[in-house]
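# Coordinate inspection notes
So you can see what is in the structure, the chains are spelled out below.
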Amino acid sequence: MTNFGRPARRLPWSLLLVPAVAGVPAGLLWWLLAPGGLNLITRNPSLASGTAPLVWLPRDLTLAGIMVLAGCLLAVFLADGKRPDPQTALLAGLVGAVAGSLVAWGTGILTARLWGPPVDPSANASIAFSLRALPVLLLWPAATAVSVFVLELVGMSGRKPAGSRGGSAGVNSAVK
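Note that the coordinates shown come from a computational prediction; the quantities given were computed from them, not determined experimentally. (Residues numbered from 1 in each chain as written. Predicted model: local features only at pLDDT ≥ 70, side-chain atom pairs only at ≥ 80, totals over all residues. Heavy atoms only, no water.)

### Structural notes on the overall build of the chain
How we decide: Segments assigned H or I by DSSP are reported as helices when at least four residues long, segments assigned E as strands when at least two residues long, and all are numbered from the N terminus. Type-normalised accessible area, obtained with a 1.4 Å probe on protein chains alone, sets the label of each residue: buried when under 20%, exposed when over 50%, and partly exposed for intermediate values. Whether two residues touch is decided by their heavy atoms; if any such pair falls within 4.5 Å, the residues are in contact.
Counting secondary structure elements, the chain contains 4 helices and 0 strands. The order of α-helices and β-strands along the chain, N terminus first, is α-α-α-α. Sorting the 176 residues of the chain into buried and exposed places 35% on the buried side. The contacts of the chain with a sequence gap of at least 6 include a subset with a gap of at least 24, amounting to 74%.

### Brief notes about the pattern of salt bridges
Note that side chains of opposite charge can pair when their charged atoms are close. Our working rule: Just to be clear on terms, a salt bridge is a Lys or Arg side-chain nitrogen sitting within 4 Å of an Asp or Glu carboxyl oxygen.
For the structure on display, the rule yields 1 salt bridge. Measuring nitrogen to oxygen at the nearest pair gives 3.8 Å for the salt bridge that ties D80 to R83. The partly exposed category is assigned to D80, whose relative accessible area is 38%. Classification of R83 by relative accessible area gives partly exposed; the value is 26%.

### Notes on the packing of aromatic side chains
Definition in use: Two rings belonging to Phe, Tyr or Trp (six-membered ring only in the last case) form a pair when the distance between their centres is within 6.5 Å. Interplanar angles under 30 degrees mark stacking, angles over 60 mark edge-to-face geometry, and anything in between is tilted.
Going through the model one piece at a time under the given rule, you end up with 2 aromatic pairs. Their ring planes at 50° and their centres at 4.5 Å tell us that W30 and F129 sit as a pair that is tilted. Of the two residues, W30 sits in helix 1 (residues 13-33) while F129 sits in the loop between helix 3 (86-115) and helix 4 (139-158), which places them 99 residues apart along the sequence. Across this residue pair, the class does not change: W30 and F129 are buried.

### Some thoughts on the side chain of R59
The condition is simple: Asp and Glu are treated as the negative residues and Lys and Arg as the positive ones, with His and the ends of the chain left uncounted.
Assignment of secondary structure puts R59 in helix 2 (residues 56-78). Put simply, R59 is tucked away with no salt bridge, and the nearest opposite charge, on D60, sits 4.6 Å away. Residues within four places of R59 in sequence aside, it is in contact with W30, A34, P35, G50, S126, I127, A128, F129 and S130.

### Regarding the nonpolar core
Nonpolar side chains tend to gather and get buried jointly when the protein is soluble and globular. Operational definition: Buried Ala, Val, Leu, Ile, Met, Phe, Trp, Tyr and Cys residues form a nonpolar core when they are joined through side-chain atoms within 4.5 Å.
Formed by 26 residues in total, the largest nonpolar core has its most connected members in W30, L63 and M67. At the level of elements, helix 1, helix 2, helix 3 and helix 4 are the ones that each hand at least two residues to this core. With residues near it in sequence (within four places) discarded, W30 still touches R59, T62, L63, I66, A104, W105, G108, I109, F129, S130 and L131.

### Observations concerning the environment of A52
Residue position: A52 is located in the loop between helix 1 and helix 2. Distance in space between the C-alpha atoms of A52 and S126 is 9.6 Å, their sequence separation being 74 residues.

Listed below in structure tokens is the structure:
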């Protein structure tokens, strides 16, 4: 019996797995750069430990910046226009971005526990290297979706309409 249905869609596993695996270096980078971690951005000794509440917002913002950058990079790969099924690729990329966010969060916290100084979080849980604003984890997929949208709009503005073949000179061209 012959199957005359639609061809089977192949899930782009690389767009699902690569962002998820990219969460590991993103989490390491978060711990290296953020106040309360290794603190390579400010190198301010007063921001080295999580006991000061001034550390908590910059720590979350550091991860937010990494997530937005990762989302924009992923969008460049998703909006290249050479995929046979762009909707499936976008969905796989967004699921991979969610997984990458969760992996980055876990990697940063695990790195702080392994390589960071011992911390007593009995006074407040945020003293330990952590993420206070959990919506930051949605920034990677959100930045990916918005960036793909913008890149597709910019790409469509540069394309000619499907019906034009260049035969109507002077109608909408700059040269008359």
